[in-house]
Amino acid sequence: MLEGCKNARERWGGVHKLIDNWLTARQELIVQYCNLLASKPLAADYALGQQVQDLCQSMMDYCSTGHFEIYEQLIREAKEFDDGGLELARQLVPKLDALTGRCVDFNDSYDERCGFEQLAQLPAALSAIGEVLEDRFELEDQLIARLHTIHRELVTG
């Protein structure tokens, strides 16, 4: 997952500063996720609970930025160029919305009230949310790649 993030930053990092910052936030989210995955979930201590809360906060910030800044900008560019990117956005954004719902569900389960029972279920929940994030990143990369490729060709063509 982390390698895919690095590749995305290398391929699209210069598209726009907002996307650069968002891809950096994605990388930080992945690092937090991997660190939490490596923790011992039944060691119900303050540090683990704080790690879970930090992951939830980062994930919600990342999702919010995607929906309220990045996707809107990409859709605006697709409308402006009217080159087929809007149709892709219409296909992918509802899928991204559904994945965001699963991130919100995870957040609701683990943010601020992460007791022993939640910590006992954390390994399975982390595995599931990891798959959600991976699917999300893949769809986002498709959206960015398609719009960037089309627009780059129009500008240089």
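Just above, that's the structure.
Residues numbered from 1 in each chain as written. Predicted model: local features only at pLDDT ≥ 70, side-chain atom pairs only at ≥ 80, totals over all residues. Heavy atoms only, no water.

**Q** It is not clear to me how the overall build of the protein should be interpreted in this structure. Could you clarify?
**A** Regarding its fold elements, the protein presents 5 helices and 0 strands. The order of helices and strands in the protein, counted from the N terminus, is α-α-α-α-α. Counting over 157 residues, the protein shows a buried share of 40%. Looking at the protein alone, contacts between residues at least 24 apart form 76% of all its contacts between residues at least 6 apart. Approximately 8500 Å² of the protein is accessible, and the part contributed by carbon and sulfur atoms is 50%. (Helix = DSSP H or I, 4+ residues; strand = E, 2+ residues; numbered from the N terminus. Buried < 20%, exposed > 50% of the residue type's maximum accessible area, 1.4 Å probe, protein only. Contact = heavy atoms within 4.5 Å. Areas by Shrake-Rupley, 256 points an atom, 1.4 Å probe, with all protein chains shown as cover.)

**Q** Explanation requested: helix 2 (residues 17–37) in the structure shown.
**A** An α-helix turns once every 3.6 residues. As a result, residues three or four positions apart point the same way. Compared with the 30 Å implied by 1.5 Å per residue over 21 residues, the 30 Å span of helix 2 between its first and last C-alpha is a close match. Along helix 2, the residues classified as buried are Ile19, Trp22, Leu23, Arg26, Gln27, Leu29, Ile30, Tyr33 and Leu36. (Expected span 1.5 Å × (residues − 1).)

**Q** Would you mind going over the pattern of salt bridges with me for this structure?
**A** If charged atoms from side chains of opposite charge come close, those side chains can pair. Counted according to the given criterion, the structure contains 4 salt bridges. Its salt-bridge partner being Glu140, residue Arg136 comes within 2.9 Å of it at the nearest N-O pair. One end of the pair, Arg136, and the other, Glu140, are both in helix 5 (residues 116–156), 4 residues apart, so they sit about a helical turn from each other. Given a relative accessible area of 0%, Arg136 falls into the buried group. (Salt bridge = Lys/Arg side-chain N within 4 Å of Asp/Glu carboxyl O.)

**Q** Just to check I follow, could you spell out the side chain of His67 for this structure?
**A** Examined against the element boundaries, His67 turns out to sit in helix 3 (residues 46–81). Using a relative accessible area of 15% as the deciding quantity, one classes His67 as buried. Residues within four places of His67 in sequence aside, it is in contact with Glu72, Leu96, Asp97, Thr100 and Arg136.

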